[in-house]
Amino acid sequence: MQVFKSVWQHYTPTPEIAWLLEQFRQMLNDCIRIGLAENVTSLKALSLKAYNQLSRHDVASYYKLCAISAATGILRNYRKAKRKNPYVKEPYARRPRLTTCYGFKIRDGELSLPIHAKEHIPISLNQHVQATIGGFRLRSVTLTADRLSLAYANEVQQLQPRGFIGIDRNLDNVTVAATDGPVQQHDLSEATQAKVVYRDVRSHFKRSDVRIRREVSGKYGQKQREKVQQILHHASKLIVEEAKAKQCGIAMEKLTGIRKLYRRGNWQGRWYRGCMNSWSYGELQRQIEYKARWEGLPVVYVHPHGTSSKCSICGERMKPEENRMLRCPSCGYRVDRDVNAARNILARALRFGAVGLAGEAMVAEPAPTQQSAKSMRGS
Ligand SMILES: [Zn+2]
């Protein structure tokens with residue numbers, strides 16, 4: 001099975017690269033415009049309609065294909081969003097961002113990027129990036145105005161898991177329950193703290209000055225994200241290491257868990273809370289998923305309904321007590337509610353199989369059947 005990771009570094013675009021980024025942005029917008037006018041979203045249809053019209057751009061033809069492919073994704077997302085909200089804005093690329101899967105090479109610590117047909121431009125890679133990609137097959141290059149990111153691939157054998165670990169994400173912690181062994185919690189409150197600082201900076205600006213406020217929140221938002229990302233990277237690394245040591249697959253809730261985070265507490269602005277929480281919730285799952293897949297560990301998603309309210313022993317609805325404890329009126333079990341949720345997620349992965357396996361894992365690894373789930377529980 002092919003699995004992917006990516007690594008990035010800062011860089012300063014030369015005038016040629018800046019020109020290439022701008023050409024790509026224009027081509028992307030051309031493709032989007034044509035796609036909207038002709039009402040096509042498939043790669044093949046858009047290629048037929050748009051390719052010839054991109055001839056005014058004097059760039060290597062690799063980029064035309066990549067622009068069409070990128071536009072296809074954007075048009076599909078737009079079509080999906082429009083079904084939910086008919087007033088959604090038509091897509092238009094403002095910021096430069098280029099992704100290519102073709103034509104580039106790595107040589108002597110440099111990325112050699114085609115610009116026109118038969119003309120390449122070098123970009124030097126830093127030590128960290130060179131060391132990280134060493135030995136792996138490169139998949140794609142993404143450039144923005146200040147970042148260069150490389151995606152690389154690895155071939156792994158998917159593990160036959162001995163069991164699963166269930167993961168429950170809350171605002172301040174992530175709780176991990178394994179088939180065998182004690183429950184573990186990773187503290188994420190530092191990530192929550194960072195958000196408060198950010199909120200304070202933002203609130204110094206007057207409501208009327210929306211434009212400045214947006215700019216500032218963008219800049220601080222970026223720093224904020226990077227800080228939270230570090231904290232999440234640490235937690236996701238430990239979780240995947242544990243799963244690997246135990247030879248276990250990973251079970252998480254399907255992303256509707258965001259709603260659970262919305263409700264808890266109200267000391268942050270609702271708008272910001274929603275954005276940051278849903279982002280960091282998804283980001284932790286994303287990190288756990290790609291790190292696990294890189295190790296060949298299966299990742300499954302279970303239905304979240306009732307995981308935080310039902311007894312993980314007998315399935316009865318539990319009664320809340322103080323200090324985040326729950327008590328089951330039926331069997332008398334008393335347990336921390338995060339621990340209970342993680343156990344429910346784990347049990348669901350074993351008992352019912354998964355709602356959906358992630359990405360390629362879906363093809364490679366069928367959901368555990370009732371039979372195998374039972375035998376796993378027994379072991
Ligand atoms: Zn019970």
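Per-chain numbering applies: the sequence of each chain, read as written, is numbered from 1 onward. Only residues with pLDDT of at least 70 are given local features in this predicted model, and only at 80 or more are side-chain atom pairs given and counted; all residues enter the totals for whole chains, interfaces and linings. To obtain the side-chain values, all non-hydrogen atoms of the structure were used and water was disregarded.

Enquirer: What exactly am I supposed to notice about the side chain of Thr 175 here?
Expert: The helix and strand labels rest on DSSP assignments: H or I over at least four residues marks a helix, E over at least two residues marks a strand, and numbering proceeds from the N terminus. For Thr 175, the location among the structural elements is in strand E9 (residues 173–178). A residue is classified by how much of its surface remains accessible, and Thr 175, at 0% relative accessible area, is buried. Contacts described as polar in this section are N or O atom pairs within 3.5 Å, which, within protein, must combine one atom able to donate a hydrogen with one able to accept it, while residues neighboring in sequence count only if both atoms come from side chains. Polar contacts involving the side chain of Thr 175 include one to the side chain of Gln 185, which spans 3.1 Å. We call two residues in contact whenever any of their non-hydrogen atoms come within 4.5 Å of each other. The residues contacting Thr 175, other than those within four sequence positions of it, are Gly 166, Ile 167, Asp 168, Asn 170, Val 183, Gln 184, Gln 185, Asp 338, Val 339 and Ala 342. In this scheme, a residue with accessible area under 20% of its type's maximum is buried, one over 50% is exposed, and one in between is partly exposed, where area comes from a 1.4 Å probe on protein chains only.

Enquirer: Which parts of the structure should I look at to understand the packing of aromatic side chains?
Expert: What characterises a pair of aromatic rings is the spacing of the ring centres plus the angle enclosed by the ring planes. Paired rings are identified among Phe, Tyr and Trp, the last through its six-membered ring, by centres lying within 6.5 Å, and are further divided according to the angle between planes into stacked (under 30 degrees), edge-to-face (over 60) and tilted (the rest). Under the counting rule described, the total for this entry stands at four aromatic pairs. Here Tyr 152 and Trp 294 contribute two aromatic rings whose centre-to-centre distance is 5.5 Å and whose plane-to-plane angle is 80 degrees, an arrangement assigned as edge-to-face. Taken together, the positions of Tyr 152 in strand E7 (residues 147–155) and Trp 294 in helix H8 (residues 270–294) put the pair 142 residues apart, joining distant regions of the chain. Residue class for Tyr 152 comes out buried when judged on its relative accessible area of 4%. In textbook terms, an aromatic cluster arises when at least three aromatic residues are bridged by ring pairs, as seen for Phe 136, Tyr 152 and Trp 294. The ring centre of Trp 8 lies 3.5 Å from the NZ or CZ of Arg 147, which sits over that ring. A ring has a charge above it when a Lys NZ or an Arg CZ is no more than 6 Å from the ring centre and no more than 35 degrees off the ring normal.

Enquirer: Would you mind going over the environment of Glu 295 with me for this structure?
Expert: Among the secondary structure elements, Glu 295 is positioned in the loop between H8 and strand E12 (299–302). In this structure Glu 295 comes out as partly exposed when scored by relative accessible area, which is 34%. Along the backbone, Glu 295 and Val 240 are 55 residues apart, and their C-alpha atoms lie at a distance of 8.4 Å. If sequence neighbours within four positions are ignored, Glu 295 has contacts with Val 240 and Lys 244.

Enquirer: Quick question: what am I supposed to make of the pairing of E12 here?
Expert: Both faces of the sheet carry side chains from a regular strand, because those side chains alternate between them. What you see with E12 is no split at all: Val 299 and Tyr 301 on one side and Val 300 and Val 302 on the other are buried throughout. Strands are treated as partners if at least two bridges between them are detected by DSSP. Note that strand E11 (residues 248–253) and E12 share four bridges and pair parallel. Residue pairing across strands places Glu 253 opposite Val 302, the latter belonging to E12.

Enquirer: Whenever I open this one, the coordination of the zinc ion confuses me. Can you help?
Expert: By definition of the ideal shapes, a tetrahedral metal site with four donors has angles of 109.5 degrees and an octahedral site with six donors has angles of 90 or 180 degrees. The coordination sphere of the zinc ion, as far as protein atoms go, consists of Cys 311 (SG), Cys 314 (SG), Cys 328 (SG) and Cys 331 (SG), spread over 2.2 to 2.3 Å. Think of the donor list as every N, O and S atom within 2.8 Å of the metal, or within 3.2 Å for Na, K and Ca; water never makes the list, so a site can look incomplete. In short, tetrahedral needs four donors with all angles between 85 and 135 degrees, square planar needs four and octahedral six donors with opposite donors over 155 degrees apart and all other angles between 65 and 115, and whatever is left is irregular. Taken together, the four donor atoms surrounding the zinc ion define angles of 102 to 120 degrees at the centre, an arrangement classified as tetrahedral. Sequence positions of the residues that donate to the zinc ion give the spacing C-x2-C-x13-C-x2-C.

Enquirer: I keep staring at the sheet that holds E7 and nothing clicks. Help me out?
Expert: Backbone-to-backbone hydrogen bonds pair the strands of a sheet. The strands run either parallel or antiparallel. The antiparallel open sheet is built from four strands, whose spatial order is E1-E7-E6-E2. The open sheet has two free edges, formed respectively by strand E1 (2–10) and strand E2 (97–100), since each of these has just one partner strand. Across the sheet, the mean angle from the axis of one strand to that of its neighbour is 20 degrees, orientation sign disregarded. For E1 and E7, the ladder comprises nine bridges, and the chain directions are antiparallel. From the neighbouring strand, Gln 2 faces E7, where its bridge partner is Glu 155. Axis lines are fitted to C-alpha atoms, over the contacting stretch for helices. Their N-to-C directions set the angle, which ranges from 0 to 180 degrees. In the packing of helix H1 (residues 15–38) onto the sheet, the strands contacted are E2 and strand E6 (137–144), and the crossing angle to E2 comes to about 90 degrees.

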